[in-house]
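Secondary and tertiary structure notes
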Amino acid sequence: MTPSSSLSPGSLLNQLRQTTPLVHNITNHVAMTPTANTLLAIGASPLMAHAQQEIQEISAISAALSINIGTLSPSWIEAMQLAAMCAHRDGKPWVLDPVGIGASSLRQYACRALLEYRPSVIRANASEVLALAGEMNQGRGVDSGDDGEDALERASRAAVALARTQNCVVAMTGRVDVVTDGQRQITVQGGHALMGRVTAMGCALSSVVAAFLAASLAGHDDTLHATAAALACYAEAGETAGQSAQGPGSFVPRFMDALYTLDADSTPLASRLELTDVT
Ligand SMILES: Nc1ncnc2c1ncn2[C@@H]1O[C@H](COP(=O)(O)OP(=O)(O)O)[C@@H](O)[C@H]1O
Ligand SMILES: Cc1ncsc1CCOP(=O)(O)O
Ligand SMILES: [Mg+2]
């Protein structure tokens with residue numbers, strides 16, 4: 001892909017760092033601190049808020065919203081719906097992370113209700129994409145399952161179908177990431193296997209996608225490319241961290257430092273991306 005375009009991952013990362021978008025997160029108990037730290041490391045500004053009474057005010061000052069169903073409660077579902085409604089009404093980008101959707105009917109109910117407010121992006125692992133696309137799959141709790149070539153091919157088709165049905169971008173992550181709007185598809189290479197051994201990596205990524213969506217609105221808005229840019233930065237930082245990490249414990253600080261020090265101008269982020277038309 002052309003690295004010089006205003007939609008290149010490097011220029012979108014620069015745009016993010018210049019605009020420091022405020023990202024409103026309604027996320028799970030496991031992911032709160034890692035998500036806030038990850039947003040700060042890449043250059044965005046995090047805010048966690050889930051009390052219904054303050055959602056409208058928080059929404060008014062936020063540039064983007066990230067909703068994650070990882071640890072639901074009935075009052076949180078109502079707050080999520082209100083936040084999604086505000087974002088939809090105000091034309092602000094928002095990301096849905098359907099953590100462990102296959103695991104319970106409460107999660108399925110919450111996602112169905114939230115999809116009414118048309119997320120800009122659904123960021124999920126393959127198991128969650130299959131469940132959301134209606135292909136019976138109870139998943140393995142919050143983690144993805146088989147990541148072999150056949151499973152990836154099947155999940156990619158489900159991601160395209162989901163993007164078409166929901167008229168949004170789907171970012172399906174794992175060993176290889178696939179981002180699609182139903183017509184185009186960008187694969188993202190990179191990352192490291194240790195990313196699957198650290199909790200909340202995916203949750204934090206969903207909020208980083210929200211930050212890139214906000215940044216892209218300040219320039220040339222293209223949800224597909226902004227999402228791929230977020231994933232490319234993650235892949236780059238994950239690969240760098242994985243080179244010297246000895247395990248999940250030492251991976252995390254290296255990953256945060258790699259995000260923070262990622263040089264948007266000299267790192268060939270665009271070379272991680274391959275854009276194709278979906279047939
Ligand atoms: N085996 C792997 N190799 C490379 N990157 C991976 C691997 N597993 C996960 N990742 C990366 O970790 C991040 C989180 O993805 P994933 O593990 O699919 O999300 P979740 O934590 O929601 O299941 C993504 O950037 C993804 O590319
Ligand atoms: C373990 C767990 N349980 C409920 S939410 C959560 C975190 C999941 O994080 P991720 O989807 O990023 O792996
Ligand atoms: Mg997840």
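Residues numbered from 1 in each chain as written. Chains lettered and ligands numbered in written order. Predicted model: local features only at pLDDT ≥ 70, side-chain atom pairs only at ≥ 80, totals over all residues. Heavy atoms only, no water.

What counts is decided by this rule: UniProt positions are given in the numbering used here, feature names are shortened, and annotations may be inferred rather than shown by experiment.
In the nomenclature of an unreviewed UniProt entry, the protein corresponds to Hydroxyethylthiazole kinase from the organism Cobetia amphilecti. What UniProt records for the protein under Catalytic activity (unreviewed entry) is the sentence "5-(2-hydroxyethyl)-4-methylthiazole + ATP = 4-methyl-5-(2-phosphooxyethyl)-thiazole + ADP + H(+)". As stated in UniProt under Cofactor (unreviewed entry), the record for the protein gives "Mg(2+)".

Considerations on the sheet that holds strand 9 (residues 273–277)
The test is simple: Strand pairing is assigned whenever DSSP detects at least two bridges linking the two strands. Strands are runs of DSSP state E lasting at least 2 residues, helices are runs of H or I lasting at least 4, and numbering of each runs from the N terminus. The axes are straight lines fitted to the C-alpha atoms, using for helices just the contacting stretch, and the angles between their N-to-C directions are given from 0 to 180°. By definition, residues are in contact when any of their heavy atoms lie within 4.5 Å.
Strand order in the open sheet made by the nine strands is 2-1-3-4-5-6-7-8-9, with mixed pairing throughout. Among the strands making up the open sheet, the edge pair consists of strand 2 (45–48) and strand 9. The average undirected angle you get between the axes of adjacent strands in this sheet is 20 degrees. Two strands pair when backbone bridges link them, and strand 7 (residues 177–180) and strand 8 (residues 184–188) are joined in this way by four bridges, in the antiparallel orientation. Its bridge partner lying in strand 8, valine 179 is registered against isoleucine 186. Packed on one face of the sheet, helix 5 (residues 105–115) meets strand 3 (64–68), strand 4 (94–97) and strand 5 (121–125) and runs near 160 degrees to strand 4. Against the sheet, helix 9 (residues 223–244) makes contact with strand 5, strand 6 (169–173), strand 7, strand 8 and strand 9, and its axis sits at roughly 10 degrees relative to strand 8, the strand it touches most.

Remarks on the UniProt feature "binding site: ATP" (unreviewed entry) in the protein
The test is simple: A cavity, in this analysis, means grid points on a 1 Å lattice covering only the protein atoms where a 1.4 Å probe fits yet has no way out; a pocket is instead an open set bounded by protein on both sides within 12 Å along at least five of seven lines, and a residue lines either one if it has an atom within 4 Å of a point. For every residue, the accessible area obtained with a 1.4 Å probe (protein chains only) is divided by the maximum for its type, and the residue is called buried under 20%, exposed over 50%, and partly exposed between those limits. Any pair of N or O atoms that falls within 3.5 Å is considered a polar contact. Within protein, one atom must be able to donate a hydrogen and the other to accept it, and sequence-neighbouring residues count only if both atoms are side-chain atoms.
The UniProt feature table records "binding site: ATP" (unreviewed entry) at Arg123 and Thr173. Maximum C-alpha separation among the annotated residues is 7.5 Å over a sequence range of 51 residues, consistent with a single clustered spot. Of the annotated residues named above, the ones that line the largest pocket are Arg123 and Thr173. Along the chain, the position of arginine 123 falls in strand 5. Arginine 123 gets classed as buried once you look at its relative accessible area, which sits at 4%. Setting aside residues up to four positions removed in sequence, arginine 123 forms contacts with Val95, Leu96, Asp97, Pro98, Ala171, Thr173, Gly202, Cys203, Leu205, Ser206 and Val209. A polar side-chain atom of arginine 123 sits 2.9 Å from a polar atom in the side chain of aspartate 97. Relative to the elements of secondary structure, threonine 173 occurs in strand 6. Polar side-chain contacts of threonine 173 include one of 2.7 Å to the side chain of arginine 123.

Some thoughts on empty space enclosed by the protein
Note the cut-off: Grid points are joined across faces, edges and corners, and a volume is the space filled by probe spheres set on the points. For this classification, Asp, Glu, Lys and Arg are treated as charged, while Ala, Val, Leu, Ile, Met, Phe, Trp, Tyr, Cys and Pro are nonpolar and the rest, including Gly, are polar.
Taken as a whole and assessed by the stated rule, the structure comprises one cavity of 30 Å³ or more. Its boundaries defined by the atoms lining it, the largest cavity holds a volume of some 50 Å³. Residue lining of the largest cavity: His24, Ser59, Ser62, Ala64, Leu65, Ala83, Ala87 and Lys92, and that is the complete set. Those elements that place two or more of their residues in the lining of the largest cavity are strand 3 and helix 4 (74–90). When its residues are assigned to classes, the lining of the largest cavity shows four nonpolar, three polar and one charged.

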